[in-house]
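Observations on chain architecture
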Amino acid sequence: MERNHREEHYVARVGWLRAAVLGANDGIVSTASLIVGVAAASGRAEVLIAGAAGLAAGALSMAAGEYVSVSSQSDTEAADITRERAEIAADPEEELRALAGIYEDRGVPPALARQVAEALHAKDPLAAHVRDELGIFEHTEARPLLAAGASALTFAVGAALPLAAAALAPEPQLSLWVTSLSLVFLALLGAVGARAGGAGISRAVLRVTFWGAVAMAVTWAVGRVFGAVMV
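Per-chain numbering applies: the sequence of each chain, read as written, is numbered from 1 onward. Since the coordinates come from a predicted model, pLDDT governs what is reported: local features require at least 70, and pairs of side-chain atoms require 80 or more to be given and counted, while whole-chain, interface and lining totals use all residues. Calculated side-chain values reflect all of the structure's heavy atoms, with hydrogen atoms and water omitted.

**Some words on the overall build of the protein chain**
Helix numbers and strand numbers start at the N terminus; a helix is a DSSP run of H or I with at least 4 residues, a strand a run of E with at least 2. When its secondary structure is counted, the protein chain shows 8 helices and 0 strands. Going through the 231 residues of the protein chain one by one, you find that 35% of them count as buried. In short, Shrake-Rupley with a 1.4 Å probe defines the accessible areas, and a residue's cover is counted only from the protein chains shown. Put simply, the protein chain shows about 13,600 Å² of open surface, and 65% of that area lies on carbon and sulfur atoms. Burial classification: accessible surface area is computed with a 1.4 Å probe over protein chains only, and a residue below 20% of its type maximum counts as buried, one above 50% as exposed, and the rest as partly exposed.

**Describing a nonpolar patch on the surface**
Nonpolar side chains collect at one region of the surface, where L206, F210, W211, V214, V218, V222, V225 and F226 lie side by side and expose about 810 Å² of accessible area between them. Structurally, W211 can be placed in helix 8 (residues 201–230). Here W211 falls in the exposed class, since its relative accessible area comes to 56%. Each patch is built from salt-bridge-free residues with over 30% relative accessible area, joining like charges within 9 Å and nonpolar side chains (Val, Leu, Ile, Met, Phe, Trp, Tyr) within 5 Å. Any Lys or Arg side-chain nitrogen found within 4 Å of a carboxyl oxygen on Asp or Glu counts as a salt bridge.

**Quick notes on helix 4 (residues 110–123)**
Helices are assigned an expected span. That span is 1.5 Å times one less than the residue count. Its 14 residues give helix 4 an end-to-end C-alpha distance of 20 Å, which sits within 8% of 20 Å, the value for a rise of 1.5 Å per residue. Among all positions in helix 4, only A113, A117 and H121 are buried. For helix 4, the angular spread of the buried residues around the axis is 65°, confining them to a single face. Exposed residues on helix 4 whose side chains face more than 90 degrees from its buried face are A111, Q115, A122 and K123. Looking at the buried side of helix 4, the elements it contacts are helix 3 (92–105) and helix 5 (125–132). Think of the arc as the fan of directions from the helix axis to the C-beta atoms. It only takes one pair of heavy atoms within 4.5 Å for two residues to be counted as in contact.

**Here we look at the nonpolar core**
Each nonpolar core is a collection of buried residues, namely Ala, Val, Leu, Ile, Met, Phe, Trp, Tyr and Cys, held together in the definition by side-chain atoms within 4.5 Å. Counting residues in hydrophobic clusters, the biggest one holds 25 residues, and the most contacted among them are I35, V47, A166, L174, V178 and L186. Looking at this core, the elements with two or more residues in it are helix 1 (14–39), helix 2 (44–90), helix 6 (144–168), helix 7 (174–197) and helix 8. Among the elements that line this core, the one with the most residues is helix 1, at 8 residues. With sequence-adjacent residues up to four places away left out, A166 is seen in contact with I35, R44, V47, L48, L174 and V178. Ranked by size, the runner-up nonpolar core spans 8 residues in total, among them L96, A100, Y103 and A113.

**Structural notes on the packing of helix 4 against helix 5**
Where helices are involved, their axes are fitted lines through C-alpha atoms of the stretch in contact, as for all axes, and angles between N-to-C directions lie from 0 to 180°. Where helix 4 meets helix 5, the axes come as close as 5 Å, and the angle between the chain directions of the two elements is 125°. Put simply, helix 4 runs oblique to helix 5. Contacts from L120, H121 and K123 in helix 4 reach P125, A128, H129, R131 and D132 in helix 5. Note on residue categories: nonpolar means Ala, Val, Leu, Ile, Met, Phe, Trp, Tyr, Cys or Pro, charged means Asp, Glu, Lys or Arg, and polar means any other residue, Gly included. Of the residues belonging to the contact of helix 4 with helix 5, the class tally is 3 nonpolar, 2 polar and 3 charged. By definition in this entry, angles of less than 35 degrees are roughly parallel, angles greater than 145 are roughly antiparallel, angles of 65 to 115 are roughly perpendicular, and the rest are oblique.

**Some points on the packing of aromatic side chains**
The description of an aromatic ring pair rests on the distance of the ring centres and on the angle between the ring planes. Centres within 6.5 Å make a pair out of two Phe, Tyr or Trp rings, where for Trp the six-membered ring is used; the pair is then stacked when the planes are under 30 degrees apart, edge-to-face when over 60, and tilted otherwise. This model, assessed by the stated rule, comprises 1 aromatic pair. Summarising the aromatic geometry, the rings of F210 and W211 are spaced 5.0 Å apart at their centres and angled 80° between planes, so their arrangement reads as edge-to-face.

**Focus: the pattern of salt bridges**
A side chain of one charge can pair with a side chain of the opposite charge if their charged atoms are brought near each other. Under the defined criterion, the tally for this structure stands at 7 salt bridges. Across the pair R114 and E93 runs a salt bridge, and its minimum N-O distance is 2.9 Å. Linking R114 in helix 4 with E93 in helix 3, this pair joins segments that are 21 residues apart in sequence. The class for E93 is partly exposed, based on a relative accessible area of 35%. Salt bridges sharing common partners tie together E93, E94, R97, R114 and E118.

**A few points about the confidence of the model for the protein chain**
Per residue, pLDDT measures the predictor's confidence, with a range of 0 to 100. Looking at the protein chain as a whole, the pLDDT averages 81, with 86% of positions reaching at least 70. Taking the mean pLDDT of every element in the protein chain, the minimum, 75, falls on helix 1 and the maximum, 90, on helix 4. Scored below 50 in pLDDT, residues 1–13 makes 8 contacts in the model with residues more than four places away or belonging to other chains.

**Topic: the side chain of H121**
Within the secondary structure, H121 is located in helix 4. Within the local environment of H121, its side chain forms a polar contact with the side chain of H129, the two groups lying 2.8 Å apart. In contact with H121, other than residues within four places in its own chain, are P92, E95, L96, L99 and H129. Any N or O atom pair separated by 3.5 Å or less is treated as a polar contact, with the protein-specific requirement of one donor-capable and one acceptor-capable atom, and with residues adjacent in sequence counted only for side-chain atom pairs.

**What about the environment of A24?**
Of note, A24 is situated in helix 1. Along the primary structure A24 and F155 are separated by 131 residues, whereas in three dimensions their C-alpha atoms are 4.5 Å apart. If we skip the residues at most four places from it in the chain, A24 touches T154, F155, G158 and L189.

Next comes the structure, spelled out in structure tokens:
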């Protein structure tokens, strides 16, 4: 009896998951830190203006940064593929030996490695070299627009959370409310990101909340110092 064997691997989510988690984390941490820092030296109106500006600037910055970074990776991958295509066309036998050598280095017996390399060359030599020589796979291929969109959207969502907390919290305890709720948001983000990526939840939660707390504490201290100096 035949069965269709299909496995779902977490690595297929690497491209968009990394950008999404990075965007949401930066949105929460940077906006919450900005709000806490401004709140240490001024009132709610200034806090909301600074937070809204931080949301817009951060989302666009994340999108631009991700797009430029991932585009550079995509350009490098495309250049390597073009070079590999030319090498296969110029000396297919040498490229066949190189591919067989890769399989031998992984522990495949020489005769079998040669047989596998010949079979793959007969079907699609470029695909075989891109995968096994260059290490470029479909699920890890650079996608600039996807990374930029995921980062911008999740940054905006993440930044909106501490901004909403700042708008609704009692003004005398604004910093405390924003800090506390932002740490809760970060913990939830860490848990969701770890679950989506198949990783351990407790370690991810601890990592994001610790560094988020450090960022907010430092920014609050800076706000207090400059607030005192400017008065």
